[in-house]
Amino acid sequence: MLKHNSYFNGSVQSVGFERHGRRQTVGVIDAGEFHFSTEAPERMTVVAGELAVRFDGSQEWRAYPAGTSFEVAGKSGFDVKAAHPTGYLCEFL
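So, a few notes on the structure that sits alongside this text. (Residues numbered from 1 in each chain as written. Predicted model: local features only at pLDDT ≥ 70, side-chain atom pairs only at ≥ 80, totals over all residues. Heavy atoms only, no water.)

Points about the nonpolar core
- Core analysis: the largest hydrophobic core is formed by 17 residues, its most contacted members being Ile29, Leu51, Val53, Phe70, Phe78 and Val80.
- Within the residue set of this core, elements represented by two or more residues are strand E4 (32-37), strand E5 (42-48), strand E6 (50-55), strand E8 (69-72), strand E9 (77-82) and strand E10 (86-92).
- Excluding its chain neighbours within four sequence positions, the residues that come into contact with Val80 are Ile29, Gly32, Glu33, Phe34, Phe36, Leu51, Ala52, Val53 and Trp61. (Core = buried A, V, L, I, M, F, W, Y, C linked by side-chain atoms within 4.5 Å. Buried < 20%, exposed > 50% of the residue type's maximum accessible area, 1.4 Å probe, protein only. Helix = DSSP H or I, 4+ residues; strand = E, 2+ residues; numbered from the N terminus. Contact = heavy atoms within 4.5 Å.)

A few points about the environment of Gly49
- The residue Gly49 is located in the loop between E5 and E6 in this model.
- Taking the relative accessible area as the measure of exposure, Gly49 reaches 41% and is therefore partly exposed.
- Sequence-wise, Gly49 and Thr86 are 37 residues apart; in three dimensions their C-alpha atoms are separated by 4.6 Å.
- Ignoring sequence-local partners within four residues, the contact set of Gly49 consists of Tyr64, Pro65, Ala66 and Thr86.

Distances and angles like these do not, on their own, reveal function.
This is the structure:
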């Protein structure tokens, strides 16, 4: 079953699904800066475009171009900046 998600007044949209017993979402982050909180650990893979990411507790922004991924601990958060619409896959670990 597919589930549509919309955040930040439509600037981030995704479709959630389950594959091999794991929850995942695939979506697009529009140009802008956004903060996400996590309940469970997750892996974000950038599939198109590029994201700048800053993890909670850090001052450093890191660039993640298409084809790269990063993991975020559960019960934490991270900021993302996108200069252009950017596609991603989020896997809940």
